[in-house]
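Read off the chains here:
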Amino acid sequence: MSLSAAEDNSGSEIHIPADIDWHMLDKSKFFFLGAALFSGVSAALYPIVVLKTRQQVSPTQISCFKMSFSIMRYEGLRGFYRGFGTSLMGTIPARALYMGALEVTKSSVGTATVSLGFSDTTATAIASAAAGLSSAMAAQLVWTPIDVVSQRLMVQGYNNSNSSKNVIPSVNSCRYRNGLDAFRKILYADGPKGLYRGFGISIMTYAPSNAVWWACYSVAHRLIWGGFGCSMGKKEENGVIGGCGYRPDSKALVAVQGLSAAMASGFSALITMPLDTIKTRLQVLDREENGVRKPLTVLQTVRNLVKEGGLAACYRGLGPRWASMSMSATTMITTYELLKRLSTKSQESLTS
């Protein structure tokens, strides 16, 4: 897909870098650098994911500050990284599936929508939504079992804390030494389906969430450039105000990408938060029936949430999730754009 790199704004042009399509990328460099860059992003944001997960499975409202203090006091810094090794192992294949599906879909759908006569803005939004949908579905093949294992390790540490004993009585009582031990025990107890607990709700959560996010991001990105691009851009050496071109510098590009990502994350988090809470509980909590622990169903999970506080209970952990999504999306999109430019086959492909 090749869309215009210039945005019209009151008679002046804002020259933003052209989109980089799938065929322009060096695939081996793209996946190798992507794995390294996104592993670093995951490490930086993982403590927020731990906070969000523990808040979601707690039957009572606990503030982020109190939760953080409890983890640091009883578990130390290590408590913020429970299950991180397992999560990191899944980052490489999951990101490879995600980025591959994202770029292939965006390029093919974008080309098709442009050929059908849609405007550049509409074509970009449609292509981005379709790409977000397909990439999320592809990545969940790897992420769901990784989520199940890493989240159980996260809440296992929570139940070990002296200050939070019995706060989550329905959490799986099996003890795990590490991610591999958890993988073996879950596989032995429940079979392969145990590793894919919540797969359906994960698809229902992340597929529309990604579709909404990428569509909102593309629209916000163009709206921001259309409204504020001239004031953020840097004049060309021979340019004057009124009908001339502006070329945003790297700081302006990053600022607009970050703001667009934060706006898209806030909207997406509000829409999909209840589904994410249900998904997390399905993957972590059990019910007891005749002395035997069994997985919760979606209906039972919803009933429990209604008893605990109704809709408000579905939004426990919204603060950490919004912060995590915003920071993750901001770093992800800026890193992603950098990755694409580092992975182009030739510098000539970047000329707009």
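Note that this is a predicted model, so its numbers are computed, not measured.

(A) Quick look at the overall build of the protein. A count of helical and extended segments in the protein gives 11 helices and 6 strands. The burial tally for the protein puts 52% of its 352 residues in the buried class. Contacts spanning at least 24 positions in sequence make up 79% of the contacts within the protein whose residues lie at least 6 apart. Within the structure as shown, the protein displays about 16200 Å² of accessible surface, and the carbon and sulfur contribution to it stands at 64%.

(B) Seen up close, the nonpolar core. Residues M99, W213, W214, Y217, I333 and Y336 are the most contacted members of the largest nonpolar core, which totals 21 residues. Those elements that provide at least two residues to this core are α1 (27-57), α3 (84-115), α4 (120-160), α7 (199-232), α8 (250-284) and α11 (318-342). The leading source of residues in this core is α11, at 5 residues. In contact with Y336, other than residues within four places in its own chain, are F30, F38, M99, L102, E103 and W214. Membership of the second largest hydrophobic core comes to 11 residues, among which are V155, V284, L305 and C314.

(C) Up close: the UniProt feature "transmembrane region" (unreviewed entry) in the protein. Sites flagged by UniProt as "transmembrane region" (unreviewed entry) map to residues 30-51. For residues 30-51, the end-to-end C-alpha separation is 31 Å, with 100% helix and 0% strand making up the annotated structure.

(D) Region of interest: the environment of M72. Assignment of secondary structure puts M72 in helix α2 (residues 64-74). Overall, the relative accessible area of 44% leaves M72 in the partly exposed class. Contacts of M72, omitting those with residues within four sequence positions, involve L77 and F80.

(E) Summary view of the pairing of strand β6 (residues 292-295). Bridge count between strand β5 (residues 286-289) and β6: 4 bridges; the pairing is antiparallel. By the bridge assignment for β6, D286 is matched with P295. Counted along the chain from β5 to the antiparallel partner β6, the turn is 2 residues long, and its residue N290 has a positive phi close to 55 degrees.

(F) Region of the structure containing the confidence of the model for the protein. Here the protein averages 77 in pLDDT, and 80% of its residues register 70 or above. When the criterion is pLDDT under 50, residues 232-244 qualifies, and its contacts beyond four places in sequence or with other chains add up to 21 contacts.

The rules behind these values
Residues numbered from 1 in each chain as written. Predicted model: local features only at pLDDT ≥ 70, side-chain atom pairs only at ≥ 80, totals over all residues. Heavy atoms only, no water. Helix = DSSP H or I, 4+ residues; strand = E, 2+ residues; numbered from the N terminus. Buried < 20%, exposed > 50% of the residue type's maximum accessible area, 1.4 Å probe, protein only. Contact = heavy atoms within 4.5 Å. Areas by Shrake-Rupley, 256 points an atom, 1.4 Å probe, with all protein chains shown as cover. Core = buried A, V, L, I, M, F, W, Y, C linked by side-chain atoms within 4.5 Å. UniProt positions renumbered as here; feature names shortened; annotations may be inferred. Pairing = 2+ DSSP bridges. pLDDT = per-residue confidence, 0-100.

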